[in-house]
Amino acid sequence: MLRAWAWLAAGAAAVTAGRSAEPVPVMVQSSPGRFEISAVDSTAAHAVAALAEEAWRWLAAPLDLPAAFTTPVYVRVIASAPEPFAVTAEFGGVVSVRVDAEAQPAQLRRALVQGLLLRLAVSHHGVNQRLAVPRWLEEAGAGWWLTRAEPAQLDAMKQASERQPPPALETLLRWPHGGGRRPDFSAAAVWLLTVLQTESGRSREWPALLGRLLRGDNSEAALAACYPGRFTTLAERELWWQTCWHHAVRARPLPAISITDSRVQLGALARFVFAAGTDEADVVLPLAAVLARAAEPIVAAELARRSGELSRVLATLHPFYRNAGLSLADALNARTAALGKRETAAVAFARDWSDALVLEAASAAALDAVEQH
């Protein structure tokens, strides 16, 4: 009898030891009522949380998101998942997103957007079998987020769209979830979202359409019901879509950053402060001197960080500072090139920066002269 108890105790201790050796998931919350991320790797959890908060920030306006949901979207990062991501809604209003740890950035964006849209559907209509997130709407949300967070991606999408005709609206609205990636359809979905918001007025056509789509209504029927007076036949609907598509693609909005803000932001990215040596005070170093020390780990990390930050504002710089921004991007990205190329890149930026300052001063003087006259 004692021997039997000894075996049982040994087995229980082994089970307890095995359980304690299992990795414990890390829980990270973005903002209360938005996203909650669970992952074994804390770095991955915090990275997904940062992306989730970014998604909320850029999609809050087009999706008319509340300040917070009663329960967040639960995101689970799983190793070796059977599929890149899966989103489910459970009774009680719980929306769960399961993401493979090796998912690509585009797949991760789609997963977060689909989870956000499904949670919005649950908040409006409760949990039922009809809830749906159309593929085009999911792609539109992911593309809207990407092109607003990284304006250079918007320029790239414009250039690609100008070289090809828009897909038929019927085909886009019926894009199935099981289909493969279609970059042309993904771009067209962003333009459709842009068109629908532009065409929406005091009657709040777009919010009404979004509610119907998330309820599970047919996209084509919902579009006709929520946007009356735009078309009456399928041919007129296609003409309306293609006309709006060409207008959206070729629209040239003014830069989002003023001359002053462009100079300040670009100047801050080109200004480096490092210690001159051991136990010495910090000094401001010129770009050429920093690039000469690009092999040092701290300098390389700072150059990489600034390169990423610059890519987010590059497309919104004022035209006077656009060339300087491009030159600075080339210089920051030349951190792994030969020393001669790094020196050449620093000289090019200095030249473009000087030209930008001259243009700003000349335009200010011209405007002052006009006002005085």
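Preceding this section is the structure that the text describes.
1. Here's the deal with the pairing of strand 5 (residues 94-100)
Point 1. Counting buried positions along strand 5 yields five of seven residues, so the element is predominantly enclosed.
Point 2. Bridge count for strand 3 (residues 73-78) against strand 5 is six bridges, and the pairing is parallel. Following the sheet pairing, Arg76 is matched in strand 5 by Arg98.
Point 3. Relative to strand 5, strand 4 (residues 85-90) is paired through six bridges, and the arrangement is antiparallel. The partner of Glu90 across the bridge, within strand 5, is Val94.
Point 4. The antiparallel pairing of strand 4 with strand 5 creates a hairpin that spans three residues between the two strands, and Gly92 there sits at a positive phi of about 105°.

2. Considering the environment of Ala295
Point 1. On the secondary structure map, Ala295 appears in the loop between helix 12 (287-292) and helix 13 (297-313).
Point 2. Overall, the relative accessible area of 74% leaves Ala295 in the exposed class.
Point 3. Between the alpha carbons of Ala295 and Arg335 there is a distance of 7.7 Å; along the sequence they are 40 residues apart.

3. Here we look at unusual backbone geometry
Point 1. Even without glycine at this site, Asp64 takes up a positive phi of about 55°.
Point 2. Turning to its location among the elements, Asp64 is positioned in the loop between helix 2 (42-59) and strand 3.
Point 3. Phi at Arg204 takes a positive value of approximately 55°, unusual for a residue other than glycine.
Point 4. Residue position: Arg204 is located in the loop between helix 7 (183-199) and helix 8 (205-215).

4. Points about the side chain of Arg342
Point 1. Mapped onto the secondary structure, Arg342 falls in helix 15 (residues 339-372).
Point 2. No salt bridge is formed by the buried Arg342. Its closest oppositely charged neighbour is Glu343, at 8.1 Å.
Point 3. In this structure the side chain of Arg342 is engaged in a polar contact, spanning 2.6 Å, whose partner is the backbone oxygen of Leu291.

5. Quick word on the pattern of salt bridges
Point 1. Summed over all chains, the structure comprises 18 salt bridges.
Point 2. In this structure, the salt-bridge partner of Arg110 is Glu138, at a minimum N-O distance of 2.4 Å. In this pair, Arg110 sits in helix 3 (residues 105-125) while Glu138 sits in helix 4 (residues 135-149), placing the two residues 28 residues apart along the sequence.
Point 3. Under the relative-accessibility criterion, Glu138 is labelled buried at 0%.
Point 4. Several salt bridges share partner residues, and in doing so they unite Arg110, Arg135, Glu138 and Glu139 into one network.

6. Considerations on the state of the cysteines
Point 1. Throughout the structure, instances matching the rule amount to zero disulfides.
Point 2. No disulfide involves Cys226; its sulfur sits 16 Å from the nearest other cysteine sulfur, which is in Cys244.
Point 3. Using a relative accessible area of 15% as the deciding quantity, one classes Cys244 as buried.

What counts, and where the lines are drawn
Residues numbered from 1 in each chain as written. Predicted model: local features only at pLDDT ≥ 70, side-chain atom pairs only at ≥ 80, totals over all residues. Heavy atoms only, no water. Buried < 20%, exposed > 50% of the residue type's maximum accessible area, 1.4 Å probe, protein only. Helix = DSSP H or I, 4+ residues; strand = E, 2+ residues; numbered from the N terminus. Pairing = 2+ DSSP bridges. Lys, Arg positive; Asp, Glu negative; His and termini not counted. Salt bridge = Lys/Arg side-chain N within 4 Å of Asp/Glu carboxyl O. Polar contact = N/O pair within 3.5 Å; in protein donor to acceptor, adjacent residues only side chain to side chain. Disulfide = S-S within 2.5 Å.

Function cannot be read off these values alone, since they describe shape.
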